[in-house]
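Inside the fold
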Amino acid sequence: MRKDSAVADERRPRARHRMSQSSSTEPDEELMRALYREHAGPLLAYVLRLVAGDRQRAEDVVQETLIRAWKNAGQLNRATGSVRPWLVTVARRIVIDGHRSRQARPQEVDPSPLEVIPAEDEIDKALWLMTLSDALDDLTPAHREVLVETYFKGRTVNEAAETLGIPSGTVRSRVFYALRSMKLALEERGVTA
């Protein structure tokens, strides 16, 4: 043992000596103060490394460790040597238990994004279909049948031309004018793109 550490031991009584001198079953206030003075700083440094520098969490772990030491003072009185290994083990177990409990619990989800997503409204869909059907009725029969074949049935220009029995160029021309008429009919009903 170095000479300067022996001098330090003489000036400041160590918590382990106080633990063994305490004969009562209830730990006294001086014992807890000695534990805190001697072990809180090094314990905090150790726990800070375990919790990746989260100071608030580290302080909570040190506090919980010292509370457990206070609750188990009788067991610590019987221990020989320093109580620091016991404190370090308890602190490490508290950190591990906290990590495991966070892993076991499902991650919480903020419900606020769900509130801003509009739900599908069948009434809006029904009104849109009624407006669309009404606008289709305003078209000429030739324009209406070309739009039905190409847009609603999903046929290509050539397939629609075959089905309707007209040339594909005529289908293209009718689709162009039908869409223009449809746009005007929808604008008259208050629907804007």
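Computed from a predicted structure; not experimentally measured.

This part takes up the confidence of the model for the protein. A residue-level look at the protein finds 78% of positions with pLDDT of 70 or above and a mean pLDDT of 79. Within the model, pLDDT remains below 50 along residues 1-25, and this stretch shows 23 contacts once partners closer than five positions in the same chain are excluded.

This part takes up the pattern of salt bridges. Under the defined criterion, the tally for this structure stands at six salt bridges. We note a salt bridge from Arg189 to Asp138, for which the minimum N-O separation is 2.6 Å. Taken as a pair, Arg189 in the segment after helix H11 (168-188) and Asp138 in the loop between helix H8 (122-137) and helix H9 (141-152) lie far apart in primary sequence, 51 residues in all. Counted as one network, the salt bridges with shared partners bring together Asp134, Asp138 and Arg189.

The subject of this paragraph is the layout of surface pockets. By volume, the largest pocket amounts to about 260 Å³. What lines the largest pocket is a set of 13 residues, and nearest its centre among them are Leu132, Leu179, Met182, Lys183 and Leu186. At the level of secondary structure, the elements contributing two or more residues to the lining of the largest pocket comprise H8, H9 and H11. Grouping the amino acids of the lining of the largest pocket by side-chain chemistry returns ten nonpolar, one polar and two charged.

Rules behind the numbers
- Residues numbered from 1 in each chain as written.
- Predicted model: local features only at pLDDT ≥ 70, side-chain atom pairs only at ≥ 80, totals over all residues.
- Heavy atoms only, no water.
- pLDDT = per-residue confidence, 0-100.
- Contact = heavy atoms within 4.5 Å.
- Salt bridge = Lys/Arg side-chain N within 4 Å of Asp/Glu carboxyl O.
- Helix = DSSP H or I, 4+ residues; strand = E, 2+ residues; numbered from the N terminus.
- 1 Å grid on protein atoms, 1.4 Å probe; cavity = no way out; pocket = protein on both sides within 12 Å on 5 of 7 lines; lining within 4 Å.
- Points joined across faces, edges and corners; volume = space filled by probe spheres on them.
- Nonpolar A, V, L, I, M, F, W, Y, C, P; charged D, E, K, R; others polar.

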